[in-house]
Amino acid sequence: MAQYDPAVKELEELLESPDIKDVKPEVRQKLERILDMCNKRHDYADEITTPQSDILAYIHEQTTSHPWEQAYTSGKTKWNLESGMISGLVTCQFLKFVISMMQAKQVLEIGMFTGYTALAMAEALPADGEVVTCEISEYLKDMTADFFSRSQHGKKIKTYFAPAEDTLNNLIKDGRSFDVIFIDANKPGYKGYVDIILENGLLAPRGIILADNAYLSGTSYINPRTREDNVMNDFNQHIKNNPQLQQVLLPIRDGILAIRRKSDVEGQAAE
Ligand SMILES: C[S@@+](CC[C@H](N)C(=O)[O-])C[C@H]1O[C@@H](n2cnc3c(N)ncnc32)[C@H](O)[C@@H]1O
(Lines give C-alpha, C1' and ligand atoms only; values in the text may rest on other atoms or scores of the structure.)
Protein backbone atom coordinates (compact mmCIF):
# COMPACT_ATOMS: atom_id res chain seq x y z
CA MET A 1 0.00 0.00 0.00
CA ALA A 2 1.31 3.44 -0.92
CA GLN A 3 0.77 4.58 2.67
CA TYR A 4 2.78 7.83 2.43
CA ASP A 5 0.91 9.19 -0.58
CA PRO A 6 -1.86 11.55 0.56
CA ALA A 7 -3.57 11.25 -2.84
CA VAL A 8 -3.96 7.50 -2.28
CA LYS A 9 -5.31 8.06 1.23
CA GLU A 10 -7.84 10.56 -0.07
CA LEU A 11 -8.96 8.20 -2.81
CA GLU A 12 -9.39 5.38 -0.28
CA GLU A 13 -11.45 7.63 1.97
CA LEU A 14 -13.62 8.65 -0.96
CA LEU A 15 -14.22 5.05 -2.01
CA GLU A 16 -15.20 4.14 1.57
CA SER A 17 -17.48 7.15 2.12
CA PRO A 18 -21.30 6.81 1.84
CA ASP A 19 -21.28 9.47 -0.94
CA ILE A 20 -19.73 6.97 -3.34
CA LYS A 21 -23.15 5.29 -3.66
CA ASP A 22 -24.42 8.31 -5.59
CA VAL A 23 -21.61 8.11 -8.15
CA LYS A 24 -22.19 6.40 -11.50
CA PRO A 25 -20.89 2.77 -11.41
CA GLU A 26 -18.48 3.38 -14.31
CA VAL A 27 -16.96 6.39 -12.50
CA ARG A 28 -16.63 4.36 -9.30
CA GLN A 29 -14.95 1.53 -11.20
CA LYS A 30 -12.53 4.00 -12.74
CA LEU A 31 -11.66 5.38 -9.28
CA GLU A 32 -11.13 1.82 -7.98
CA ARG A 33 -8.87 1.15 -10.94
CA ILE A 34 -6.82 4.28 -10.21
CA LEU A 35 -6.39 3.21 -6.57
CA ASP A 36 -5.39 -0.28 -7.67
CA MET A 37 -2.79 1.15 -10.06
CA CYS A 38 -1.28 3.32 -7.29
CA ASN A 39 -1.03 0.37 -4.91
CA LYS A 40 0.34 -1.98 -7.57
CA ARG A 41 3.01 0.55 -8.57
CA HIS A 42 4.14 0.67 -4.93
CA ASP A 43 4.01 -3.11 -4.40
CA TYR A 44 5.78 -3.74 -7.72
CA ALA A 45 8.84 -1.81 -6.50
CA ASP A 46 9.03 -4.16 -3.49
CA GLU A 47 8.50 -7.20 -5.72
CA ILE A 48 11.32 -6.35 -8.14
CA THR A 49 13.81 -4.99 -5.59
CA THR A 50 16.38 -7.47 -4.25
CA PRO A 51 14.94 -9.12 -1.13
CA GLN A 52 16.30 -8.21 2.28
CA SER A 53 18.36 -10.50 4.51
CA ASP A 54 16.54 -12.83 6.92
CA ILE A 55 17.64 -10.78 9.92
CA LEU A 56 16.28 -7.56 8.41
CA ALA A 57 12.99 -9.34 7.72
CA TYR A 58 13.03 -10.52 11.36
CA ILE A 59 13.62 -6.97 12.67
CA HIS A 60 10.80 -5.70 10.46
CA GLU A 61 8.44 -8.36 11.70
CA GLN A 62 9.38 -7.86 15.38
CA THR A 63 8.99 -4.09 15.01
CA THR A 64 5.57 -4.40 13.40
CA SER A 65 4.26 -6.76 16.07
CA HIS A 66 5.76 -4.95 19.10
CA PRO A 67 3.23 -3.49 21.60
CA TRP A 68 4.44 0.15 21.22
CA GLU A 69 1.20 1.68 22.46
CA GLN A 70 1.41 -0.35 25.67
CA ALA A 71 5.07 0.65 26.18
CA TYR A 72 4.04 4.29 25.90
CA THR A 73 0.94 4.21 28.11
CA SER A 74 2.83 2.27 30.82
CA GLY A 75 5.52 4.97 30.81
CA LYS A 76 8.31 2.74 29.45
CA THR A 77 8.83 5.06 26.49
CA LYS A 78 8.83 8.84 26.73
CA TRP A 79 8.00 9.25 23.03
CA ASN A 80 5.15 7.70 21.19
CA LEU A 81 7.23 5.25 19.17
CA GLU A 82 5.23 3.33 16.59
CA SER A 83 5.87 0.55 14.10
CA GLY A 84 5.23 2.92 11.16
CA MET A 85 8.56 4.61 11.94
CA ILE A 86 10.50 1.76 10.35
CA SER A 87 11.68 2.19 6.75
CA GLY A 88 10.98 -0.31 4.03
CA LEU A 89 12.76 -2.66 1.66
CA VAL A 90 13.32 -0.14 -1.15
CA THR A 91 14.90 2.41 1.20
CA CYS A 92 17.19 -0.25 2.70
CA GLN A 93 18.36 -1.51 -0.66
CA PHE A 94 18.87 2.05 -1.89
CA LEU A 95 21.03 2.89 1.15
CA LYS A 96 23.07 -0.26 0.53
CA PHE A 97 23.51 0.70 -3.14
CA VAL A 98 24.80 4.17 -2.25
CA ILE A 99 27.20 2.86 0.39
CA SER A 100 28.66 0.18 -1.85
CA MET A 101 28.88 2.42 -4.95
CA MET A 102 30.74 5.05 -2.93
CA GLN A 103 32.93 2.42 -1.30
CA ALA A 104 31.98 4.15 1.93
CA LYS A 105 33.58 3.08 5.20
CA GLN A 106 32.17 5.53 7.71
CA VAL A 107 28.41 5.93 7.95
CA LEU A 108 26.41 8.09 10.35
CA GLU A 109 22.72 7.61 11.08
CA ILE A 110 20.57 10.07 13.01
CA GLY A 111 17.47 8.18 14.22
CA MET A 112 18.02 4.46 14.71
CA PHE A 113 14.68 3.20 16.10
CA THR A 114 14.83 -0.63 16.00
CA GLY A 115 18.03 -0.70 13.95
CA TYR A 116 16.54 -1.79 10.63
CA THR A 117 18.34 0.75 8.42
CA ALA A 118 21.45 0.75 10.65
CA LEU A 119 21.90 -2.98 10.09
CA ALA A 120 21.06 -2.73 6.38
CA MET A 121 23.81 -0.13 5.99
CA ALA A 122 26.25 -2.23 8.03
CA GLU A 123 25.56 -5.14 5.64
CA ALA A 124 26.91 -3.03 2.77
CA LEU A 125 30.13 -2.02 4.55
CA PRO A 126 33.52 -3.75 4.41
CA ALA A 127 34.67 -5.56 7.57
CA ASP A 128 36.51 -2.46 8.82
CA GLY A 129 33.58 -0.13 8.12
CA GLU A 130 31.42 1.43 10.82
CA VAL A 131 27.88 2.70 11.26
CA VAL A 132 27.60 5.24 14.07
CA THR A 133 23.94 5.61 14.95
CA CYS A 134 22.16 8.10 17.24
CA GLU A 135 19.00 7.29 19.19
CA ILE A 136 17.33 9.21 21.97
CA SER A 137 15.09 6.44 23.36
CA GLU A 138 16.85 4.16 25.87
CA TYR A 139 13.89 1.79 25.60
CA LEU A 140 15.42 0.55 22.34
CA LYS A 141 18.79 -0.35 23.88
CA ASP A 142 18.25 -4.04 24.77
CA MET A 143 16.07 -4.73 21.76
CA THR A 144 18.61 -3.42 19.23
CA ALA A 145 21.55 -5.07 21.05
CA ASP A 146 19.70 -8.36 20.65
CA PHE A 147 18.93 -7.73 16.96
CA PHE A 148 22.52 -6.72 16.15
CA SER A 149 23.94 -9.77 17.99
CA ARG A 150 22.04 -11.99 15.54
CA SER A 151 24.02 -10.70 12.53
CA GLN A 152 27.70 -10.96 11.65
CA HIS A 153 27.45 -7.29 10.57
CA GLY A 154 26.13 -6.11 13.95
CA LYS A 155 29.68 -5.59 15.26
CA LYS A 156 30.11 -2.73 12.78
CA ILE A 157 27.41 -0.70 14.54
CA LYS A 158 28.17 1.74 17.35
CA THR A 159 25.08 3.17 19.04
CA TYR A 160 24.86 6.39 21.06
CA PHE A 161 21.77 6.77 23.21
CA ALA A 162 21.50 10.55 23.62
CA PRO A 163 19.94 13.53 21.83
CA ALA A 164 21.51 13.59 18.36
CA GLU A 165 22.89 17.09 18.81
CA ASP A 166 24.99 15.94 21.81
CA THR A 167 26.31 12.97 19.86
CA LEU A 168 27.16 15.18 16.86
CA ASN A 169 29.13 17.52 19.15
CA ASN A 170 31.06 14.57 20.62
CA LEU A 171 31.82 13.24 17.13
CA ILE A 172 33.14 16.70 16.16
CA LYS A 173 35.41 16.71 19.25
CA ASP A 174 36.70 13.28 18.19
CA GLY A 175 37.51 14.67 14.73
CA ARG A 176 35.19 12.21 12.96
CA SER A 177 33.90 12.47 9.39
CA PHE A 178 31.45 10.32 7.45
CA ASP A 179 31.04 9.30 3.82
CA VAL A 180 27.29 8.72 4.08
CA ILE A 181 24.96 10.40 6.58
CA PHE A 182 21.36 9.19 6.81
CA ILE A 183 19.01 11.54 8.71
CA ASP A 184 15.77 9.93 9.87
CA ALA A 185 14.85 11.44 13.26
CA ASN A 186 12.88 14.40 14.70
CA LYS A 187 11.93 16.55 11.72
CA PRO A 188 12.38 19.99 13.40
CA GLY A 189 15.98 18.96 14.07
CA TYR A 190 17.00 18.34 10.43
CA LYS A 191 18.02 21.93 9.59
CA GLY A 192 20.27 22.18 12.64
CA TYR A 193 21.79 18.73 12.04
CA VAL A 194 22.75 19.57 8.46
CA ASP A 195 24.19 22.94 9.50
CA ILE A 196 26.28 21.31 12.28
CA ILE A 197 27.42 18.59 9.88
CA LEU A 198 28.49 20.99 7.13
CA GLU A 199 30.08 23.59 9.40
CA ASN A 200 32.18 21.12 11.37
CA GLY A 201 33.60 18.73 8.82
CA LEU A 202 31.36 15.78 9.71
CA LEU A 203 30.68 15.20 6.01
CA ALA A 204 33.79 13.72 4.42
CA PRO A 205 35.04 15.08 1.07
CA ARG A 206 32.73 13.69 -1.66
CA GLY A 207 30.31 12.55 1.05
CA ILE A 208 26.52 12.47 0.79
CA ILE A 209 23.67 13.32 3.17
CA LEU A 210 20.39 11.47 2.70
CA ALA A 211 17.45 13.06 4.52
CA ASP A 212 14.35 10.88 4.82
CA ASN A 213 10.72 12.06 4.82
CA ALA A 214 11.30 14.98 2.46
CA TYR A 215 7.60 14.79 1.46
CA LEU A 216 6.45 14.24 5.06
CA SER A 217 3.28 12.50 3.89
CA GLY A 218 2.62 15.25 1.37
CA THR A 219 2.69 18.12 3.88
CA SER A 220 5.74 19.55 2.09
CA TYR A 221 3.78 20.22 -1.09
CA ILE A 222 0.16 20.48 0.07
CA ASN A 223 -0.98 23.84 1.49
CA PRO A 224 0.42 23.74 5.04
CA ARG A 225 -2.16 24.22 7.78
CA THR A 226 0.16 24.28 10.79
CA ARG A 227 3.79 25.07 11.59
CA GLU A 228 4.42 21.32 11.93
CA ASP A 229 3.05 20.80 8.41
CA ASN A 230 5.70 23.14 7.12
CA VAL A 231 8.69 21.63 8.85
CA MET A 232 10.05 19.52 6.00
CA ASN A 233 9.26 22.12 3.35
CA ASP A 234 11.26 24.60 5.46
CA PHE A 235 14.13 22.13 5.56
CA ASN A 236 13.95 21.37 1.82
CA GLN A 237 13.91 25.10 1.00
CA HIS A 238 16.82 25.69 3.39
CA ILE A 239 18.88 23.17 1.41
CA LYS A 240 17.66 24.52 -1.94
CA ASN A 241 18.65 28.07 -0.96
CA ASN A 242 22.22 27.11 -0.10
CA PRO A 243 24.21 27.85 -3.27
CA GLN A 244 27.01 25.55 -2.14
CA LEU A 245 24.81 22.46 -2.21
CA GLN A 246 23.44 20.24 -4.93
CA GLN A 247 20.34 18.26 -4.09
CA VAL A 248 17.93 15.81 -5.67
CA LEU A 249 14.60 14.78 -4.18
CA LEU A 250 14.18 11.06 -4.80
CA PRO A 251 10.53 9.94 -4.76
CA ILE A 252 11.33 6.82 -2.75
CA ARG A 253 8.58 6.08 -0.21
CA ASP A 254 8.14 9.35 1.78
CA GLY A 255 10.87 11.11 -0.25
CA ILE A 256 14.61 11.14 0.33
CA LEU A 257 16.50 14.40 -0.21
CA ALA A 258 20.03 13.57 -1.38
CA ILE A 259 22.47 16.39 -0.66
CA ARG A 260 26.10 16.88 -1.68
CA ARG A 261 28.51 19.79 -1.89
CA LYS A 262 28.23 21.32 -5.37
CA SER A 263 32.02 21.33 -5.59
CA ASP A 264 31.95 17.51 -5.28
CA VAL A 265 29.42 17.07 -8.08
CA GLU A 266 30.09 19.68 -10.78
CA GLY A 267 32.66 18.73 -13.39
CA GLN A 268 35.56 21.05 -14.17
CA ALA A 269 35.74 22.86 -17.50
CA ALA A 270 37.95 21.16 -20.12
CA GLU A 271 41.33 22.88 -20.63
C1 LIG B 1 11.76 7.26 11.95
S2 LIG B 1 12.58 6.56 13.31
C3 LIG B 1 14.05 5.93 12.62
C4 LIG B 1 13.80 4.74 11.75
C5 LIG B 1 15.02 3.95 11.34
N6 LIG B 1 16.00 4.77 10.68
C7 LIG B 1 14.57 2.84 10.42
O8 LIG B 1 14.36 3.12 9.26
O9 LIG B 1 14.36 1.73 10.86
C10 LIG B 1 13.13 7.98 14.18
C11 LIG B 1 13.90 7.70 15.44
O12 LIG B 1 14.57 8.90 15.82
C13 LIG B 1 14.60 8.97 17.23
N14 LIG B 1 14.79 10.36 17.63
C15 LIG B 1 13.87 11.35 17.69
N16 LIG B 1 14.43 12.49 18.12
C17 LIG B 1 15.73 12.23 18.31
C18 LIG B 1 16.84 13.02 18.74
N19 LIG B 1 16.69 14.31 19.07
N20 LIG B 1 18.04 12.44 18.84
C21 LIG B 1 18.21 11.12 18.51
N22 LIG B 1 17.20 10.33 18.10
C23 LIG B 1 15.98 10.87 17.99
C24 LIG B 1 13.24 8.39 17.65
O25 LIG B 1 13.28 7.95 19.00
C26 LIG B 1 13.05 7.27 16.64
O27 LIG B 1 13.48 6.05 17.15
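Residues numbered from 1 in each chain as written. Predicted model: local features only at pLDDT ≥ 70, side-chain atom pairs only at ≥ 80, totals over all residues. Heavy atoms only, no water.

## Re the sheet that holds strand S2 (residues 130–135)
Then, number 1: Spatially, the seven strands line up as an open sheet ordered S3-S2-S1-S4-S5-S7-S6, and their pairing is mixed. One side of each edge strand has no neighbouring strand; the edge strands of this open sheet are strand S3 (157–161) and strand S6 (245–250). On average, each strand axis in the sheet is tilted by 15° relative to the strand beside it, whichever way the strands run.
Then, number 2: Note: strand S1 (residues 106–110) against S2, five bridges, orientation parallel. Directly across from Ile110, in S2, lies its bridge partner Cys134.
Then, number 3: Contacts from helix H9 (residues 190–199) reach S1, strand S4 (178–183), strand S5 (203–212) and S6, with the element oriented near 175° to S5. (Pairing = 2+ DSSP bridges. Helix = DSSP H or I, 4+ residues; strand = E, 2+ residues; numbered from the N terminus. Axes fitted to C-alpha atoms, helices over the stretch in contact; angles between N-to-C directions. Contact = heavy atoms within 4.5 Å.)

## Re the pairing of S6
Then, number 1: Summarising the sheet, S6 and strand S7 (residues 256–261) pair through six bridges and their orientation is antiparallel. Each residue of the ladder has a partner; that of Val248, found in S7, is Ala258.
Then, number 2: Between S6 and S7, which pair antiparallel and follow one another directly, the connecting turn spans five residues, one of which, Arg253, has a positive phi of 55°.

## As for the domain arrangement of the chain
Then, number 1: Partitioning the chain into domains gives domain 1 (6–48) and domain 2 (54–265).
Then, number 2: Measuring from the centre of the C-alpha atoms in domain 1 to the corresponding centre in domain 2 gives 32 Å. (Domains from an automatic or database assignment.)

## Observations concerning the environment of Leu31
Then, number 1: Among the secondary structure elements, Leu31 is positioned in helix H2 (residues 25–48).
Then, number 2: You can call Leu31 buried: its relative accessible area is 18%.
Then, number 3: Measuring from C-alpha to C-alpha, the distance between Leu31 and Glu12 comes to 9.3 Å, with 19 residues separating the pair along the chain. (Buried < 20%, exposed > 50% of the residue type's maximum accessible area, 1.4 Å probe, protein only.)

## Let's talk about the site of the ligand
Then, number 1: Taken together, 20 residues surround the ligand, and among them Ser87, Thr117, Glu135, Ala164 and Asp184 come closest.
Then, number 2: The separation between an oxygen atom of the ligand and a polar side-chain atom of Ser87 is 2.6 Å.
Then, number 3: Contact distances for the ligand include 2.9 Å between a nitrogen atom and a side-chain N or O atom of Asp184.
Then, number 4: For the ligand, whose free accessible area comes to 600 Å², the fraction covered by protein is 91%.
Then, number 5: Considered class by class, the residues forming the shell around the ligand number 13 nonpolar, four polar and three charged. (Near = heavy atom within 4 Å. Polar contact = N/O pair within 3.5 Å; in protein donor to acceptor, adjacent residues only side chain to side chain. Areas by Shrake-Rupley, 256 points an atom, 1.4 Å probe, with all protein chains shown as cover. Nonpolar A, V, L, I, M, F, W, Y, C, P; charged D, E, K, R; others polar.)

## Focus: H9
Think of an α-helix as 3.6 residues a turn; residues three or four steps apart then line up on the same face.
Then, number 1: Among all positions of H9, only Tyr190, Tyr193, Val194, Ile196 and Ile197 are buried. Here the buried residues of H9 occupy an arc of 160° about the axis, which is enough to place them on one side.
Then, number 2: The elements touched by buried residues of H9 are S1, helix H8 (164–173), S4, S5 and helix H10 (231–240). (Arc of directions from axis to C-beta.)

## Description of the pattern of salt bridges
Then, number 1: By the definition in use, this model includes eight salt bridges.
Then, number 2: One salt bridge in this structure joins Asp128 and Lys105, with 2.7 Å as the shortest N-O distance. With Asp128 in the loop between helix H6 (116–123) and S2 and Lys105 in the loop between helix H5 (89–101) and S1, this residue pair connects regions lying 23 residues apart in the sequence.
Then, number 3: With a closest N to O distance of 3.8 Å, Lys187 and Asp184 form a salt bridge. An identical accessibility class is assigned to Lys187 and Asp184; each is buried. (Salt bridge = Lys/Arg side-chain N within 4 Å of Asp/Glu carboxyl O.)

## Looking at the nonpolar core
Then, number 1: Grouped together as the largest cluster of nonpolar side chains are 36 residues, with contacts concentrated most on Ile99, Leu119, Val131, Val180 and Leu210.
Then, number 2: Put simply, the parts of the chain that give this core at least two residues each are helix H3 (54–65), H5, H6, helix H7 (141–149), S3, S4, S5 and S7.
Then, number 3: In terms of residue count, H6 provides more of this core than any other element does, six residues in total.
Then, number 4: Excluding residues within four positions of it along the chain, Ile99 makes contact with Ala104, Val107, Met121, Ala124, Leu125 and Val180. (Core = buried A, V, L, I, M, F, W, Y, C linked by side-chain atoms within 4.5 Å.)

## Looking at the side chain of Thr77
Then, number 1: Assignment of secondary structure puts Thr77 in the loop between helix H4 (68–73) and H5.
Then, number 2: Of note is the side chain of Thr77, whose polar atom sits 3.1 Å from the backbone oxygen of Trp79.
Then, number 3: Sequence-distant contacts of Thr77, defined by excluding residues within four places in its chain, comprise Ala71, Tyr72 and Tyr139.

## Digging into the packing of aromatic side chains
Then, number 1: Summed over all chains, the structure comprises five aromatic pairs.
Then, number 2: Considering the side-chain rings of Trp68 and Tyr139, the 6.1 Å spacing of their centres and the 65° angle between planes classify their relative orientation as edge-to-face. With Trp68 in helix H4 and Tyr139 in the loop between S2 and H7, this pair connects stretches of sequence that are 71 residues apart.
Then, number 3: Ring plane angle 90° and centroid distance 5.4 Å describe the contact between Tyr190 and Phe235, whose orientation is recorded as edge-to-face. Of the two residues, Tyr190 is situated in helix H9 and Phe235 in helix H10; the sequence distance between them amounts to 45 residues.
Then, number 4: Residue classification places Tyr190 among the buried positions, given a relative accessible area of 0%.
Then, number 5: Here the aromatic residues Trp68, Phe113 and Tyr139 are joined through ring pairs into a cluster of three or more. (Phe/Tyr/Trp six-rings, centres within 6.5 Å; stacked < 30°, edge-to-face > 60°.)

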